[in-house]
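# Fold and geometry: a report
Next come the chains, spelled out residue by residue.
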Amino acid sequence: MWLFAARRFVSLLATLVAASVVIFLVMEVLPGDPAAYMLGLNAAPDTLAALRHQLGLDQPLLVRYFAWVAGFFTGDLGISYTYRVPVAQLVAARLWVSLPLALMALALAIAIGLPAGIVAAARRNRASDIAVMGLTQFGIAVPNFWFAMLLVLAFAIGLHWFSAGGFPGWHAGFLVALKALVLPAIALALPQASILARLMRAALVETLGEDFMRTARAKGLSAGQAVRRHAVRNALVPVLTVIGLQFSFLLAGAIIIENVFFLPGLGRLIFQAITQRDLIVVKSVVLLLVAAVIIVTFAVDLASAAVDPRLRRRVR
Amino acid sequence: MRVAAGEMWRRMRPRGLVAVAAAVVAGLATAAVVTGLATAAVAAPDSVTIGMQLEPPNLDPTAGAAAAIDEVVYANVFEGLTRIGPDGSVLPDLARSWDISADGLVYTFHLATGVRFHDGTPFGAADVKFSLDRARAPDSANAQKQLFTPIASVDVIDPATVRVTLSRAVGNFLFDMAWGDAVIVAPQSAAHDATDPIGTGPFKFADWVRGDHIDLVRNPDYWGTPAKLARATFKFIADPTAAFAAVMAGDVDAFPNFPAPETLSQFAADPRFRVVVGSTEGETIMAINNGRKPFDDIRVRRALSYAVDRQAVIKGAEFGYGTPIGSHFSPADPGYVDLTGVYPHDPAKAKALLAAAGYGDGLHTTLKLPPPSYARRSGEIIADQLKAVGVDAEIINVEWAQWLSDVFANRDYDLTIVSHTEPADIGIYARNDYYFNYHSDAFRKIMAALDATTDAARRLALLAAAQRRIADDAVNVFLFELPKLGVWNAKLHGLWANEPIQANDLTGVYWQD
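The model shown is predicted, which means the values in this text are computed figures rather than measured ones. (Residues numbered from 1 in each chain as written. Chains lettered and ligands numbered in written order. Predicted model: local features only at pLDDT ≥ 70, side-chain atom pairs only at ≥ 80, totals over all residues.)

### Re the overall build of chain A
To keep things clear, this is the line we draw: Numbered from the N terminus, helices here are DSSP runs of H or I no shorter than four residues, and strands are runs of E no shorter than two. Field definition: a residue is buried when 20 or more other C-beta atoms are found within 10 Å of its C-beta, exposed when 12 or fewer are, and partly exposed for counts in between, with C-beta atoms placed from the backbone.
For chain A, the count of helices and strands is 14 helices and zero strands. Helices and strands in chain A line up, N terminus first, as α-α-α-α-α-α-α-α-α-α-α-α-α-α. By its C-alpha atoms, chain A is 85 × 60 × 35 Å across when sized along the principal axes. Taken over 316 residues, chain A has a buried fraction of 42%.

### Focus on the pairing of strand S9 (residues 213-218) of chain B
To keep it simple, the criterion reads: Each pair of strands is called paired provided DSSP finds at least two bridges between the two strands.
Pairing analysis gives six bridges linking strand S8 (residues 203-209) of chain B to S9(B), with the strands arranged antiparallel. The partner of Trp208(B) across the bridge, within S9(B), is Ile214(B).

### Quick notes on the confidence of the model for chain A
Regions with low pLDDT should not have their predicted coordinates read in detail. What counts, and what does not: Along the chain, pLDDT gives the predictor's confidence residue by residue, from 0 to 100.
In the predicted model, chain A carries a mean pLDDT of 82, and 94% of its residues have values of at least 70. Averaged pLDDT values for the elements of chain A fall to 63 in helix H14 (residues 309-315) of chain A and rise to 88 in helix H5 (residues 87-122) of chain A.

### Topic: the packing of H5(A) against helix H13 (residues 279-307) of chain A
All names here are of chain A. The criterion, for reference: A fitted line through C-alpha atoms serves as each axis, taken over the contacting stretch for helices, and the angle formed by two N-to-C directions is quoted from 0 to 180°. Roughly parallel refers to an angle under 35 degrees, roughly antiparallel to one over 145, roughly perpendicular to one between 65 and 115, and oblique to any angle outside these ranges. Crossing chirality is assigned from the near helix's rotation relative to the far helix, an anticlockwise turn below a right angle marking it left-handed and a clockwise turn marking it right-handed. Our contact criterion uses C-beta atoms placed from the backbone: two residues qualify when those atoms are within 7 Å. Residues are sorted three ways: Asp, Glu, Lys and Arg are charged, Ala, Val, Leu, Ile, Met, Phe, Trp, Tyr, Cys and Pro are nonpolar, and all the rest, Gly among them, are polar.
Close contact between H5 and H13 brings their axes to 10 Å; oriented N to C, the two are set at 50°. Taken together, H5 and H13 sit at an angle that is classed as oblique. The two elements H5 and H13 meet at a crossing, and its hand is right-handed. Together, Val87, Leu90 and Val91 of H5 and Ile280, Val281, Ser284, Val285 and Leu288 of H13 make up the contact between the two elements. For the contact of H5 with H13, the per-class residue count stands at seven nonpolar, one polar and no charged.

### Digging into helix H9 (residues 211-218) of chain A
Of all eight residues in H9(A), zero are buried; the element is thus mostly exposed. Of the residues flanking the end of H9(A), it is Gly220(A), one or two places downstream, whose phi is positive at about 110°.

### Examining the packing of helix H12 (residues 266-275) of chain A against H13(A)
Residues and elements named next belong to chain A. Interhelical geometry of H12 versus H13 gives an angle of 140° and a closest axis separation of 8 Å. By crossing handedness, the relation of H12 to H13 is classed as left-handed. Contact with H12, carried on its side by Leu266, Leu269, Ile270, Ala273 and Ile274, involves Val281, Val282 and Val285 of H13 and no other residues of that element. Of the residues belonging to the contact of H12 with H13, the class tally is eight nonpolar, no polar and no charged.

### Considering unusual backbone geometry
All names here are of chain B. Omega for the bond connecting Lys293 with Pro294 falls within 30 degrees of zero, at -5°, which places this linkage in the cis form. Relative to the helices and strands, Pro294 is located in the loop between strand S12 (273-288) and helix H8 (298-307). Not every positive phi belongs to a glycine, and Phe319 is a case in point at roughly 55°. Relative to the helices and strands, Phe319 resides in the loop between helix H9 (310-318) and strand S13 (323-324). Here Asn437, not a glycine, exhibits a phi torsion of approximately 60°, which is positive. Tracing the sequence through the fold places Asn437 in the loop between strand S16 (415-420) and helix H13 (441-451).

### Quick word on the nonpolar core
Residue and element names in this part refer to chain A. The line we're drawing: We define a nonpolar core as a collection of buried residues of the types Ala, Val, Leu, Ile, Met, Phe, Trp, Tyr and Cys that are connected via C-beta atoms lying within 7 Å of each other.
Counting residues in hydrophobic clusters, the biggest one holds 235 residues, and the most contacted among them are Ala105, Leu108, Ala185, Leu196, Met200 and Val285. At 21 residues, H5 tops the list of elements feeding residues into this core. Apart from the residues within four sequence positions on either side, Val285 is in contact with Val91, Leu266, Leu269 and Ile270.

### So, the environment of Ala356(B)
All names here are of chain B. In this structure, Ala356 sits in helix H10 (residues 347-356). Overall, the presence of 13 C-beta atoms within 10 Å leaves Ala356 in the partly exposed class. For the pair formed by Ala356 and Arg299, sequence separation is 57 residues and the distance between their alpha carbons is 7.8 Å.

### Some words on the confidence of the model for chain B
Residues and elements named next belong to chain B. Scored by pLDDT, chain B has a mean of 88; 91% of the residues are at 70 or more. Across residues 1-25, where pLDDT falls below 50, the model places 25 contacts with residues more than four positions away in sequence or in other chains. Per-residue pLDDT stays below 50 along residues 31-44; that stretch engages in 15 contacts with residues further than four places along the chain or on separate chains. In the model output, the complex is listed with pTM 0.79 alongside ipTM 0.72.

### Thoughts on the environment of Gly508(B)
Residues and elements named next belong to chain B. Among the structural elements, Gly508 can be located in the loop between strand S18 (492-493) and strand S19 (510-511). Residue Gly508 is classed as partly exposed on the basis of its 16 C-beta neighbours within 10 Å. Residues Gly508 and Leu166, spaced 342 residues apart in sequence, show a C-alpha to C-alpha distance of 34 Å.

### Looking at the sheet that holds strand S6 (residues 151-158) of chain B
All names here are of chain B. Read across the open sheet, the four strands follow the order S4-S5-S7-S6; overall the sheet is antiparallel. Every other strand in the sheet has two partners, leaving strand S4 (95-100) and S6 as the edge strands with one partner each. Between one strand and the next, the sheet's axes are offset by a mean angle of 20°, whatever the strand orientation. Note: strand S5 (residues 106-111) against strand S7 (residues 161-166), five bridges, orientation antiparallel. For Thr108, the partnering residue across the bridge sits in S7 and is Arg163.

### As for helix H3 (residues 45-55) of chain A
Residue and element names in this part refer to chain A. Cut-off, in case you're wondering: As used here, the arc is the angular range of directions from the helix axis to the C-beta atoms.
Restricting attention to buried positions, one finds in H3 the residues Thr47, Ala50 and Leu51. Buried residues of H3 fall within an arc of 95° about the axis and therefore sit on the same side. Residues of H3 that are exposed and point over 90 degrees away from its buried face: Pro45 and Asp46. Looking one or two residues beyond H3, the residue adopting positive phi is Gly56, at roughly 75°.

See the structure below:
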């Protein structure tokens, strides 16, 4: 187990270094000058040069790369070109929205999706299975921004239970802030729950037909006991992998939902930074997201290996 | 670890999980309802929430061109020597009065007394000198540096009097000093204005949750008439549909530049809201690269003007809101001359002009469109209208940053559509290095005469001549004045209907049933 973890960790580090080089170079070749964006239509050439110097854009490539990478270790990611505040502070503030939102959505998706999938598999081809499959088909087919708009229409404009969007900040009170995330979390969770339910059902149906399930019944376990002790655990490996992917997606890919609810999350930060050529923010956030994906994958690998010992042996 | 995970799954029976899921959902719903009911009742009558589509990148109007900066701080947080009023006129601000020398070169400003910056430091003539010198310094990052280049020297006469000497007469100098880029800042706080703006205005900066909102609070020590509102919040909502929902749900009290014109009729029919259609200083034009073939030929440029049907563009791109223009000048300005009749929509004449210029078989060109909806929508319609006269304009959509470098800085374009939102900006046609590539000595002479004139009637005559000149030269295809579409709570009063300068002046805003 430890050797397995160590190997995975080394490959994690190598991936991160490679990603940082690629991200940095891509930002360099991107057309568009952040200084020109900030100064607009009436800017004089010497004003542009002055601002470029202020921002440190006139330094050599290598110097800027190492300054940037070093920043990750000291926590100093530089100053945002447009906002003029430390990038680390900007990203941290957005993480406090995106992370709770992703966790809430994922918790909802797991809490709804997994049981629904298990019930459907256990009662295959009966009414509850058909109902679950029909609902999940709907959940996947409905675009989540549209579902989000329906939620706003019903609960914000119609019933006035929630505000139509925005995020008051955690300092406004835990419940108030949490409430602002409820509708977005539901909108995000719907398709993910549907995916998990269908995946759980498919994986479980497959394992139910395995020889070891028959053996388990033969040695005297009831059908329910066999499902709980053997089938669910075996079916969980692919599901765990998908949950890992979903978490990475929810962290950064919630941009459409963030737009519908005008939430200040990471997705919108990166979108805004790209259009304003706030490249120092873009490259740091992208690298952080890459790191998040790699680390979550690492964690899922370990979790899968814990659930299924065969995975560990195979690598060795 | 392995055992623990197995244990967990063995204990969690499917039925138990369903129960947990149901409990989570139910819990969230009740929490939401309880807090929802609690907050719905609170609606303080002395605060206002203003919706804006774009968030300002920073809050220093002296170091950035973004209109969103002025839309938060102009007249609210920062004040200049002069300011622009709701009707576009120049009003005294920190300078209560002024004397202008006969040759128009020396301005002596008499300043308000007893004024303090938000951090408590007293305001005086030295701050005026600091602000103007900083804006015109070689290392200045002011986006409108050209406003300050005519200044030769700034002298402090006494703490309440400052003398500005110009190197050449500038007829519009008092107007120029009313721009947000010319506000007065203090030496000890200027460097931090981007994140912690310290001005002299009736509101103080309080808080900024980036990506969501900015809070201003009333300045209790304000030197002039105090603001009626105790608190103002600017909320940033980029998506038009979300903006609609936010106003409908009552999350924002006003959206002075409402981005979803297609929904305005819904608000107009609802007595809770007021829809106010006003004018801006945004001349929307199809800019032509006058330096590039075939557009260096005036016949081709005129043909483009004849080919475009402005009314159809306004109807299709702006849902009918917007005033057609025939030159680069705002219809709200007192100097406006209606030149929309110079090139009426006449495809036959356009074809004849193109044939005379040697393009009877048609011509191929490109039309670069920046992201705003006015540009993208107008572009589609205009490309279609040009096709009808044999001009095949290939549409290329670009991002703002790319537009600024390709079109604006490198002048690598044929045609583009953009709105010039700076007030009274016809002077850009006199700039040699401007992206239109328009070079006219006749026009430059008019602008030079205008700068040397302070007499109001004479200025109007010169402005009219300037408008005619660029219309005759068909420098660009002048489309329409961007409308200001505002929606706000019917009980909210004092917001500007028009936008002579990009601002949300909250100094006179109040609630009344």
